[in-house]
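A closer look at the structure
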Amino acid sequence: MPNIRLAIVGLGKIARDQHLGAIAATDGIDLVAVASRNASLENIHCFPDIDALLASDVDVDAVSLCTPPQGRFEQARAALMAGKHVMLEKPPGATIAEVFALEALARKQGVSLFATWHSREAAAVEPARRLLAERRIQSVEVEWKEDVRHWHPGQAWIWEPGGLGVFDPGINALSIVTRIMPESFHLVSSELSFPANRAAPIAADLEFQTASGTPIKAAFDWRQTGPQTWDIRVSTQEGDVVLTHGGSRLIVNGEAQIVEEDREYRSLYKHFVDLVSSKRSDTDFSPLVHVADAFMLGRRNVVESFED
Ligand code: NAP
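Given the structure is predicted, the values throughout are model-derived calculations rather than measurements.

Some words on the sheet that holds strand β15 (residues 298-303)
Spatial ordering of the open sheet is given by β14-β13-β12-β11-β7-β10-β9-β8-β15, a layout of nine strands whose pairing is mixed. Both edges of this open sheet fall to β14 (255-259) and β15, since each of them pairs with a single strand only. For this sheet the average axis-to-axis angle between neighbouring strands, irrespective of direction, equals 15°. Strands in contact with helix α5 (residues 125-132) are β7 (137-145), β11 (229-236), β12 (239-244), β13 (249-252) and β14; relative to β12, the strand with the most contacts, it is inclined by about 160°.

In structure tokens:
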């Protein structure tokens, strides 16, 4: 099969930090075009937006959408209607209904749709999943606390409706928990802290339980300065299974098992090449469903205004 000719849409932080390098390092896929209003790359076809790209005579087989979630639906829809395979950054959309509509459209068009969850590709996730399948789980505690000023400088969209606020990183934790837990779970309580001047929460305290009653607590906070915390602690009758550093390290019964370099985006692009060549899609929207539930069941507390 010839290499997939790919266009990136939205050449912003994550496209530059991760996508460009991962595409270059992946067999079977080549970057041939970019569609971005304010950014371009040398020696690549560049367009101001996806409509201009799709109307051009540059041949692309697939697009990777690296834009904010608000507005992503129209871009994905246009690409699918034009018969292109589509890879979506997380979160896959701004609403639940729109992502299911994209899934249906991809099926109808006979092209691949990949709703990516980069944190699921972290080194400790699959080993933890296999381990937990064999253990008796008592409780889960998630702590996902980071400094928004450091990680999202000047990103206005993240504070707007659909930008998800602290759930932008928090959904990464949920993408891991939904992957490693042997049982499904659902939300039972949600406390959301909204800065007085913002439309999205800066912190969230969530409680879930599994179908058999195992409690899962999650604390997301964007006000953490100093050391950053991206940890998931699973207590089991056979001892603790702990994922730290966003899922890249695994500690089992107090002993470090895995410390690995970051390969998340290379794994995503390898999987996308496999999906396209085998004419399949990968669309697990469960992390987004939990976030929507957190807004639906959330008690809203107003906290101090946030200034960049
Ligand atoms: P970003 O730096 O703001 O980049 C997004 C790019 O999309 C912008 O540079 C912009 O390029 C384009 N864009 C198109 N319509 C836009 C609009 N209405 N508002 C703002 N930008 C618009 O954001 P990002 O951090 O790369 O995040 C993009 C997506 O990747 C999000 O879904 C995020 O959750 C996900 N993600 C981010 C990170 C991270 O560490 N930052 C990590 C993993 C995943 P033009 O102005 O040139 O059009």
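A look at the side chain of serine 190
You can see serine 190 is positioned in strand β8 (residues 185-195). Classification of serine 190 by relative accessible area gives buried; the value is 4%. From its side chain, serine 190 meets the backbone oxygen of alanine 294 in a polar contact 2.9 Å long.

Digging into the UniProt feature "domain: Gfo/Idh/MocA-like oxidoreductase N-terminal" (unreviewed entry) in the protein
Cross-referencing UniProt, the feature "domain: Gfo/Idh/MocA-like oxidoreductase N-terminal" (unreviewed entry) maps to residues 4-114 in the present numbering. The distance separating the terminal C-alpha atoms of residues 4-114 is 14 Å; by composition the span is 38% helix and 23% strand.

A word on the environment of alanine 94
Following the sequence through the fold, alanine 94 ends up in the loop between β5 (85-88) and α4 (96-109). Leave out the neighbours within four places in its chain, and alanine 94 touches Pro69, Gln70 and Gly162.

With respect to the pairing of strand β4 (residues 62-65)
Across the two faces of β4 the burial is the same, with Ala62 and Ser64 and Val63 and Leu65 all buried. Of the pairings in the sheet, the one linking strand β1 (residues 4-9) to β4 comprises four bridges and is parallel in character. Opposite valine 9, over in β4, you have leucine 65 as the bridge partner. In this structure, β4 lies alongside β5, joined through four bridges in parallel fashion.

Some thoughts on the pairing of β12
In this structure, β11 lies alongside β12, joined through five bridges in antiparallel fashion. In the sheet register, serine 235 faces β12, and the bridge partner there is aspartate 240. With four bridges joining them, β12 and β13 adopt antiparallel strand pairing. In the sheet register, leucine 243 faces β13, and the bridge partner there is leucine 250. Hairpin connection, β12 to β13: the antiparallel pair is bridged by four residues, and histidine 245 has positive phi, about 50°.

Calculation notes
- Residues numbered from 1 in each chain as written.
- Predicted model: local features only at pLDDT ≥ 70, side-chain atom pairs only at ≥ 80, totals over all residues.
- Heavy atoms only, no water.
- Pairing = 2+ DSSP bridges.
- Helix = DSSP H or I, 4+ residues; strand = E, 2+ residues; numbered from the N terminus.
- Axes fitted to C-alpha atoms, helices over the stretch in contact; angles between N-to-C directions.
- Contact = heavy atoms within 4.5 Å.
- Buried < 20%, exposed > 50% of the residue type's maximum accessible area, 1.4 Å probe, protein only.
- Polar contact = N/O pair within 3.5 Å; in protein donor to acceptor, adjacent residues only side chain to side chain.
- UniProt positions renumbered as here; feature names shortened; annotations may be inferred.

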